[in-house]
Structures are given as C-alpha cells and as structure tokens.
Amino acid sequence: MNPSQDDESAVREALRFAHRGSGAGDAHPSDADVPIGAAVFDADGRLLAGARNAREALGDPTAHAEVLALRAAAAEHGDGWRLTGCTLAVTVEPCTMCAGALVLARVDRVVFGAWEPRTGAAGSLWDVVRDRRLNHRPEVIGGVLETECSALLDEFFAAHRGDAG
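Presented here is an overview of the structure given in this document. (Residues numbered from 1 in each chain as written. Predicted model: local features only at pLDDT ≥ 70, side-chain atom pairs only at ≥ 80, totals over all residues. Heavy atoms only, no water.)

### Things to note about the pairing of strand β3 (residues 87-92)
Formally: Think of it in three bands: residues with accessible area under 20% of the maximum for their type are buried, residues over 50% are exposed, and the middle band is partly exposed, with areas taken using a 1.4 Å probe on protein chains only. Numbering of helices and strands runs from the N terminus, with a helix taken as a DSSP run of H or I at least four residues long and a strand as a DSSP run of E at least two residues long. In this analysis, strands are considered paired if DSSP registers two or more bridges between them. Seen with the strands pointing away from the viewer, any crossover whose path from the first strand over the helix to the second strand runs clockwise is right-handed.
The element β3 is extensively covered by neighbouring structure, given that six of its six residues are classed as buried. Relative to β3, strand β1 (residues 37-41) runs antiparallel, the two sharing four bridges. Along β3, the bridge assignment pairs Ala38 with Val90. Judged from the five bridges that link them, β3 and strand β4 (residues 109-114) form a sheet pairing that is parallel. Bridged to Val90 within β4 is Phe112. Where the polypeptide runs from β3 across helix α4 (residues 96-104) and back to β4, its parallel neighbour, the crossover connection is right-handed.

### Re the packing of helix α3 (residues 65-77) against α4
Let me state the cut-off plainly: Angular values range over 0 to 180 degrees, each being the angle between N-to-C directions of two axes fitted as lines to C-alpha atoms, with helices fitted over their stretch in contact. Convention used here: angles under 35 degrees read as roughly parallel, angles over 145 as roughly antiparallel, angles from 65 to 115 as roughly perpendicular, and any remaining angle as oblique. Crossings are classed by handedness, with left-handed meaning an anticlockwise turn of the near helix from the far one by less than a right angle and right-handed meaning a clockwise turn. In this description, contact between two residues means that some pair of their heavy atoms is separated by no more than 4.5 Å. Gly counts as polar in this scheme, as do all residues outside two lists: the nonpolar Ala, Val, Leu, Ile, Met, Phe, Trp, Tyr, Cys and Pro, and the charged Asp, Glu, Lys and Arg.
Orientation of α3 relative to α4, taken along the N-to-C sense of each, is 20 degrees, at an axis distance of 9 Å. Taken together, the axes of α3 and α4 are roughly parallel relative to one another. For α3 against α4, the interelement crossing comes out left-handed. Two secondary-structure elements touch here, α3 through Glu66, Val67 and Leu70 and α4 through Met97, Cys98, Ala101 and Leu102. Residues belonging to the contact of α3 with α4 are distributed by class as follows: six nonpolar, no polar and one charged.

### Regarding the layout of surface pockets
Quick reminder of the rule: Detection works on a 1 Å grid of protein atoms alone, calling trapped sets that fit a 1.4 Å probe cavities and calling open sets with protein on both sides within 12 Å along at least five of seven lines pockets, with lining residues defined by an atom within 4 Å of a point. Grid points are joined across faces, edges and corners, and a volume is the space filled by probe spheres set on the points.
Taken as a whole, the largest pocket spans an internal volume of roughly 450 Å³. A total of four residues in the lining of the largest pocket trace back to one element, the largest contributor, which is helix α5 (residues 146-161). Tallied by class, the residues present in the lining of the largest pocket amount to 10 nonpolar, four polar and six charged. Taken as a whole, the second largest pocket spans an internal volume of roughly 250 Å³. Lining the second largest pocket are 13 residues, and of these Asp6, Phe41, Gly45, Thr87 and Arg109 lie nearest its centre. By residue class, the composition of the lining of the second largest pocket is three nonpolar, five polar and five charged.

And the structure:
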C-alpha cells in the first residue's frame, strides 16, 4: 500500500517531535534518549498530541514516544481512553509494548517511518497489530519517509558510539 500525502505529513510531524523534545513537559530532552517521535491525529487530521521518547529523561521504561503521545491524545480526544478514528504516526516501527498499547487504545491507523527488524511489532519481527486473534486490528502503513527516519537514528547511534564526525 502506498503512503498518501497525509501519511507523509503525519510522519513529518512525528519527526518534528523527535527533533524538538518530549512533548511531555521536557523542553530539553535527555541526550541519552533515542530520538523517536510520535504524533496522534483525529479523524479530521487535527493533531491531538505528540511526544518524543523520554525513557532516560523521565526514568520510566514505558516512556516511549507512542505511549506518551497516546496518553496525551486520549486526554484531548474526549472519548476516555478510546482513540477510535485516530491515526498514530511514529518515526520507527512500534515495539510490542507500543503495538499493544495502540491496539488497546483502538487507534484506526498506524503509520511509521523506519522498519525495526530487531524489535518491530507491526510487521518486522512480530505483527502484533494485525494478529487475527485480536478484536481490533488497525491499518498499518510502514516505510513512510523511511530514509529521513532512519537517518535520524543512524546519526544518534553514530554519535553515541563515538564515530560521528
């Protein structure tokens, strides 16, 4: 399935969150946090919330960008915890925790940039989001702006390994 212009715009917004901060009150994200960004849009394409990975900054193993964005979007959306009709855009394929969270939140669509063959749970290593045993299976579109999303991760890990420059 080919991504739409809206999908590319959504992933660009997630990239902005990855670059700028956690969106969770952290104006200066930890340099140790992997720069992954997520954004949640309602059915009309309005941005509800976004976040950056903040596990190190918050000392919270669940502070992945997707989880932080889903929490904030649920508060904004007005249907309790249900994000029916919403799209989650993220710079990297969700892990099993995040995939489970977006399924349980009833997100309709997940759009992501870089594939993650080591931990991805939206088609790479696992396919949690489309498991036929679940009663909710969102549409999945991967590889949107993959080059830009992968480059952000490559730069981060090169700098942390000391081979940047």
